[in-house]
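Read off the chains here:
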Amino acid sequence: MKETYKIITSLKEGVHLKSSEDKNKELKSLGFNVDVDMRIGMMYTLECEPDEVETIAKALISPTMEDYLITNSLGGSVL
């Protein structure tokens, strides 16, 4: 039976993109005095069979640069 999942992807620790640096600069220009270890990612919401969700998550990322987190419709972490 299909269930609803969210797959959240983000850059691995130590992987930084120029866009992350730009976001930090934007925060400072708005008056925030913070240095954020920002790892930009994506969130996918999908409906699939439970035995398919991890395979789908792995297909969405670049494993050398990104990690993923899977949650179910109740908000609990799956993997």
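Residues numbered from 1 in each chain as written. Predicted model: local features only at pLDDT ≥ 70, side-chain atom pairs only at ≥ 80, totals over all residues. Heavy atoms only, no water.

### Focus: the side chain of Glu66
Structurally, Glu66 is set in strand β3 (residues 66–72). Buried and unpaired, Glu66 has Lys12 as its nearest opposite-charge partner, separated by 9.4 Å. Of note is the side chain of Glu66, whose polar atom sits 2.7 Å from the backbone nitrogen of Ser62. For Glu66, the contacting residues outside a window of four places in its chain are Thr9, Ser10, Leu11, Lys12, Leu60 and Ile61. (Helix = DSSP H or I, 4+ residues; strand = E, 2+ residues; numbered from the N terminus. Buried < 20%, exposed > 50% of the residue type's maximum accessible area, 1.4 Å probe, protein only. Lys, Arg positive; Asp, Glu negative; His and termini not counted. Salt bridge = Lys/Arg side-chain N within 4 Å of Asp/Glu carboxyl O. Polar contact = N/O pair within 3.5 Å; in protein donor to acceptor, adjacent residues only side chain to side chain. Contact = heavy atoms within 4.5 Å.)

### What about the pattern of salt bridges?
For side chains bearing opposite charge, pairing can occur when the charged atoms are close. All told, the structure shown has 2 salt bridges when counted by the stated rule. The residue Glu54 makes a salt bridge to Lys58 at a minimum N-O spacing of 3.8 Å. Residue Glu54 and its partner Lys58 are located together in helix α2 (residues 53–60), separated by 4 residues, close to a single helical turn.

### As for a nonpolar patch on the surface
Residues Leu30, Phe32, Val34 and Val36 make up a contiguous nonpolar surface patch of roughly 360 Å² in combined accessible area. Along the chain, the position of Phe32 falls in the loop between α1 (18–29) and β2 (41–48). (Patch = residues over 30% accessible without salt bridge, like charges linked within 9 Å, V, L, I, M, F, W, Y side chains within 5 Å. Areas by Shrake-Rupley, 256 points an atom, 1.4 Å probe, with all protein chains shown as cover.)

### Observations regarding the sheet that holds β3
Strand order across the open sheet formed by 3 strands is β2-β1-β3, with antiparallel pairing between neighbours. Edge positions in the sheet fall to β2 and β3, since each has one partner strand and no second. Looking at each pair of strands side by side, their axes are set apart by 20° on average, direction ignored. When strand β1 (residues 3–11) meets β3, the two strands line up antiparallel, connected through 7 bridges. Following the sheet pairing, Leu11 is matched in β3 by Glu66. Running over the sheet, α2 touches β1, β2 and β3 and is turned about 150° from β3. (Pairing = 2+ DSSP bridges. Axes fitted to C-alpha atoms, helices over the stretch in contact; angles between N-to-C directions.)

### Examining the confidence of the model for the protein
This prediction gives the protein a mean pLDDT of 87; 94% of its residues lie at or above 70. Taken element by element, the protein is modelled with least confidence in α1, mean pLDDT 85, and with most confidence in α2, mean pLDDT 96. (pLDDT = per-residue confidence, 0-100.)

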